[in-house]
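# Inside the fold
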Amino acid sequence: MLTERQKDVKKYIAILGFGVVGGGCADVLAQNKKLISERCGFEIEVKYILDLRDFPDSPYADKVVHDYNIILNDPEVELVAEMMGGSHPALEFSLSAMKAKKSVVTSNKEVVATHGLELLACAKENGVTYMFEASVGGGIPVIHTIDTSLVQNDIKEIDGILNGTTNYILTRMNTSGAAFDEALAEAREKGYAEANPAADVDGIDACRKIAILAALAFGRLIAPESIHTEGIRSIDSVDVANASDAGYAVKLIGRTFAENDKICAYVCPMLVGASDPLSTVNDVFNGIKINGDAVGEVMLYGRGAGKMPTASAVVSDIINILTGNGVSYSWRRAEEGEITDFSDVVSRQYIRVSGESGLLASYKKAGDGAYITDAMSEADACKLEKALADEGCEIKARIRVLA
Ligand code: HSE
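Quick summary incoming for the structure in this document. This structure is a prediction, so every number in the text was calculated from the model and none was measured.

## Topic: the packing of helix H2 (residues 20-31) against helix H13 (residues 307-322)
In the contact formed by H2 and H13, the axes pass within 8 Å of each other and the chain directions differ by 65°. The pairing of H2 with H13 is recorded here as roughly perpendicular in orientation. Here H2 runs over H13; the crossing is right-handed. Between H2, through Val20, Val21, Gly23, Gly24, Cys25, Asp27, Val28, Leu29 and Gln31, and H13, the contact on the second element is made entirely by Lys307, Met308, Thr310, Ala311, Ser312, Val314, Val315 and Ile318. Taken together, the residues that form the contact of H2 with H13 break down as 10 nonpolar, 5 polar and 2 charged.

This is the structure in structure tokens:
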């Protein structure tokens, strides 16, 4: 039990960005105030909320400020929770908070994947902590798990469904035949999608997340533009149905593994076999499979987007830092020569063509004009596409198979 005196101790934080996740963060701290103070030994109080807008009807209206200097110049504020999204001014605000000796937590995968090295270096220089649990997997404690419970493992591979919006869309298309636009509108309505949902549907959000996971696993941050990334716009319901009949689910997969001293990372839609637990991860849920040399395979599952799950992850970082359990990182940039060329990536291929193909005839049929090939490199798959075109076939779809 805490003494009355301990209960009176307060630690102050500021929230930057009062959108879906920022509002959720304030709500989690308010809703679980008593248990958090009992577990921490002090109260956590939101002193300021920075936003361009006013929120006159919000219970937090009196905390809203528009001038960031008020937060920077208040020595009582120990920590800043950045939930603004986007690189700018999130980067500048986070750097200036750390220079003012305030730790920073974020849900912002763009800023971590793009500017993570600069942010971590700034934290180190200023003796503060920078953490980002909510940047991957929404409410799933994947970063903390890799940092703590799996720290003794040589991580071999991480495969994940890392974007809630696209998983929601693919699930709706598969289970209720919803049109792409209708399913996307629902995902936006539910607060899952990015401000610009192209980041979701074009795989950019998942790309940032696999960059962060690869850095956690291998200590090297790959620039997002060096990661082969495809989204789900080209996925046709015919292929989703063919895949289902052949025993697969179509999922947007982020994948990273280390091989021959190189790191491979990519994002693309893939056919996932029914025996793989990722195939049953539906709706807004994310699933992340981690393969470590000692532990073998571990899979984490939970809500990958949404107000309260994502806020839950933000608040876990806040508590870890304020209780002295923060984590620091020593990542470096992954050089070009350390990254596997995507043309060397090997997988089986689901290919659907119109017209008769002799080239595909020996492969397993997976629907009208659709086949699943043997494993081949991307370079060879591109050669096959060209040969099919020369044969007079029009390629309607090519989706890799996760093996
Ligand atoms: N737009 C993201 C998603 C939010 O749908 O997964 C969580 O990072």
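Still more to cover.
## What to know about the site of the ligand
Around the ligand, the structure places Lys109, Asn163, Gly164, Thr165, Tyr192, Ala193, Glu194, Asp200, Asp205, Lys209, Gly304 and Ala305. With respect to the ligand, the side chain of Asn163 contributes an N or O atom lying 3.4 Å from an oxygen atom. Bound to the protein, the ligand loses 94% of the 260 Å² it would expose on its own. Broken down by secondary-structure element, the contributors of at least two residues to the shell around the ligand are helix H8 (164-176) and helix H11 (204-218). Residue composition of the shell around the ligand, grouped by class: 3 nonpolar, 4 polar and 5 charged.

## Some details on the packing of helix H7 (residues 142-149) against H11
In helix packing, the relevant descriptors are the interaxial angle and the interaxial distance, both defined with respect to the helix axes. At a closest axis distance of 10 Å, the pairing of H7 and H11 adopts a crossing angle of 10°. As the angle between them shows, H7 and H11 are arranged roughly parallel. Touching Val142, Ile143, Ile146 and Asp147 of H7 are Ile212, Leu213 and Leu216, all from H11. In terms of residue class, the contact of H7 with H11 is made up of 6 nonpolar, no polar and 1 charged.

Thresholds applied
- Residue positions are counted from 1 within each chain, in the order its sequence is given.
- Since the coordinates come from a predicted model, pLDDT governs what is reported: local features require at least 70, and pairs of side-chain atoms require 80 or more to be given and counted, while whole-chain, interface and lining totals use all residues.
- Only hydrogens and water are set aside; all other atoms, that is, all heavy atoms of the structure, feed into the side-chain values.
- Each axis is a line fitted through C-alpha atoms, taken for helices only over the stretch in contact, and angles between the N-to-C directions span 0 to 180 degrees.
- A run of DSSP states H or I qualifies as a helix once it reaches four residues; a run of E qualifies as a strand once it reaches two. Both are numbered from the N-terminal end.
- Should an angle fall under 35 degrees it is called roughly parallel, over 145 degrees roughly antiparallel, and 65 to 115 degrees roughly perpendicular, with every other angle called oblique.
- The handedness criterion is simple: a crossing whose near helix is rotated anticlockwise from the far helix by less than a right angle is left-handed, and one whose near helix is rotated clockwise is right-handed.
- The contact rule is simple, with two residues in contact once any of their heavy atoms fall within 4.5 Å.
- Classes in brief: Ala, Val, Leu, Ile, Met, Phe, Trp, Tyr, Cys and Pro nonpolar; Asp, Glu, Lys and Arg charged; the others, Gly included, polar.
- Being near a molecule or strand, for a residue, means having at least one of its heavy atoms within 4 Å of it.
- Pairs of N or O atoms within 3.5 Å make up the polar contacts considered here, provided that, within protein, one atom can donate a hydrogen while the other can accept it, and that residues adjacent in sequence are counted only when both atoms are side-chain atoms.
- Under the convention used here, a 1.4 Å probe and the Shrake-Rupley method define accessible areas, while residue burial counts only the protein chains that appear.

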